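# Notes for the structure review
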Amino acid sequence: MYLLVVLLTSLIFPQFENKAQLIEIDVGSNYPTGLYDKYADSGVSFRLAYSKSFKNNGLFKWQAGAQYIGFRSDWWSDSFQGTSGNALMDVDIRNYEQGFVFNGGVRFTATNGLNKNGNFRPYVGALLGLAVFSEKTSYDWGDDCSTFGFFMDVLLDSDYCDDNNNTTDLEDRTTSPVFTLDIGTNVFFNENHKYGIDLGIRYNMLTRLKRPDTNLLYDQTENVIDQISRYIEADYYTYYIGVSIKLDPIKSQQRKERRGRGKGKLI
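Computed from a predicted structure; not experimentally measured.

What counts, and where the lines are drawn
Residues numbered from 1 in each chain as written. Predicted model: local features only at pLDDT ≥ 70, side-chain atom pairs only at ≥ 80, totals over all residues. Heavy atoms only, no water. Pairing = 2+ DSSP bridges. Helix = DSSP H or I, 4+ residues; strand = E, 2+ residues; numbered from the N terminus. Patch = residues over 30% accessible without salt bridge, like charges linked within 9 Å, V, L, I, M, F, W, Y side chains within 5 Å. Areas by Shrake-Rupley, 256 points an atom, 1.4 Å probe, with all protein chains shown as cover. Salt bridge = Lys/Arg side-chain N within 4 Å of Asp/Glu carboxyl O. Lys, Arg positive; Asp, Glu negative; His and termini not counted. Charge placed at Lys NZ, Arg CZ, Asp CG, Glu CD. Buried < 20%, exposed > 50% of the residue type's maximum accessible area, 1.4 Å probe, protein only. Core = buried A, V, L, I, M, F, W, Y, C linked by side-chain atoms within 4.5 Å. Phe/Tyr/Trp six-rings, centres within 6.5 Å; stacked < 30°, edge-to-face > 60°. Lys NZ or Arg CZ within 6 Å of the ring centre and 35° of its normal. Contact = heavy atoms within 4.5 Å.

### Overview of the pairing of strand β10 (residues 231-247)
Taken residue by residue, a regular strand's side chains alternate between the two faces of the sheet. As defined by bridge partners, strand β1 (residues 21-32) adjoins β10 across twelve bridges and the pair is classed as antiparallel. Within β10, the position partnered with Val27 by the bridge is Ile241. The pairing of strand β7 (residues 195-210) with β10 spans 14 bridges and is classified as antiparallel. Among the inter-strand pairings, Asn204 is bridged to a residue of β10, identified as Tyr236.

Right, dumping it as structure tokens:
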């Protein structure tokens, strides 16, 4: 079915024969599809993607990029206590979960667009990569350095201020292979197609997300205790919007040639 869609797209949309390059920078919202032990909250997401056509085929591209996913983030304040029981300092504490997805794969784009002027270009991308999820707790107790001391540090590169005013503890980290599906479109509003809008939906499927705790299952009929798998499959949807920046390979090559002609030989 997937190959059929690609074949029909290649027949319907004529393609430019150059190595079209595109950069997409997006912001969006991430939504998990299930209730997991960790990394199960909706949050903000940022996406960066670079795609480039294969030689003499503007429809098929390779794509690589990265995505940041933010999950739960809790803030509160506490105080460190001295030996006498008196508070020494206030501490701002933040516990948060986050994820990074790095992937690459192939992409199919209607380069000339639906109306053959290149202004509306739908695409489908299939990617494989690695996801790194982590839970961290940061502690920030500030400093009493004055504004003058801050500028002394910046201007003179000195240690006028004590910069040891925060620390971060790693509570949990897990990695998993990830399959990613991108479905979206680039929308351009002028003839040069230099800048446009990127709209789309991303589906991430993690195939080996580690459970934070060991889970046991008691079977009353067999009177045995089995350990539930230490790994789960987790799916996430991301709705994103951003900017598309087209890189012109022909003009880039012409600039390189002009620079090359401008260099003379040394005798």
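That covers the picture; the talk isn't over yet.
### Section: a negative patch on the surface
Together, Asp78, Asp90, Asp92 and Asp140 give the surface a local cluster of negative charge. Among the secondary structure elements, Asp92 is positioned in strand β4 (residues 87-109).

### Details of unusual backbone geometry
The backbone phi angle of Tyr39 is positive, close to 55 degrees, even though this residue is not glycine. For Tyr39, the position within the fold is in the loop between β1 and β2 (43-54). Residue class for Tyr39 comes out buried when judged on its relative accessible area of 1%.

### Structural notes on the pattern of salt bridges
Overall, the coordinates contain ten salt bridges when judged by the stated rule. Residue Glu24 pairs with Arg47 through a salt bridge whose shortest N-O separation is 3.0 Å. Of this pair, Glu24 sits in strand β1 while Arg47 is found in strand β2, placing the two residues 23 residues apart along the sequence. A network of salt bridges, in which partner residues are shared, links Glu24, Asp26, Arg47, Arg107, Asp182, Asp198 and Arg202.

### With respect to a nonpolar patch on the surface
Residues Val27, Val44, Phe46, Phe189, Ile197, Leu199 and Ile241 make up a contiguous nonpolar surface patch of about 610 Å² in total accessible area. Broken down by secondary-structure element, the contributors of at least two residues to the nonpolar patch are β2 and β7. Its place among the elements puts Leu199 in strand β7.

### Thoughts on the nonpolar core
By size, the foremost hydrophobic cluster in this structure holds 13 residues, and its most contacted members are Phe133, Leu206, Leu209 and Tyr236. For this core, the elements supplying multiple residues, two or more each, are β3 (57-81), β5 (120-140), β7 and β10. Here this core takes three residues from β10, the largest share from any one element.

### Concerning the packing of aromatic side chains
All chains considered together, the criterion is met by twelve aromatic pairs. When the centroid spacing of 5.8 Å and the interplanar angle of 55 degrees are considered together, the rings of Tyr39 and Phe71 count as tilted. One end of the pair, Tyr39, is in the loop between β1 and β2; the other, Phe71, is in strand β3, and 32 residues separate them in sequence. The residues Tyr39 and Phe71 share a single accessibility class, namely buried. Cluster of aromatic residues (ring-pair linked, three or more members): Tyr36, Tyr39, Phe71, Phe133 and Tyr236. Note that Arg47 overlies the ring of Tyr240, its terminal NZ or CZ placed 4.4 Å from the centroid. Cation over ring: Arg107 sits above Tyr123, and NZ or CZ is 3.7 Å from the ring centre.

### Description of the side chain of Gln98
Along the polypeptide, Gln98 turns up in strand β4. Here Gln98 falls in the buried class, since its relative accessible area comes to 11%. Every residue in contact with Gln98, bar those within four places of it in the chain, is listed here: Tyr39, Tyr68, Ile69, Phe71, Val132, Phe133, Ser134 and Lys136.

### Observations concerning the environment of Ala40
Note that Ala40 resides in the loop between β1 and β2. Assessed through its relative accessible area of 21%, Ala40 is described here as partly exposed. Considering only alpha carbons, one finds Ala40 and Arg72, 32 residues apart in sequence, at a separation of 8.0 Å. When neighbours within four sequence positions are excluded, Ala40 is seen to be in contact with Pro32, Gly34, Phe71 and Glu97.

By themselves, these figures tell us nothing about what the structure is for.
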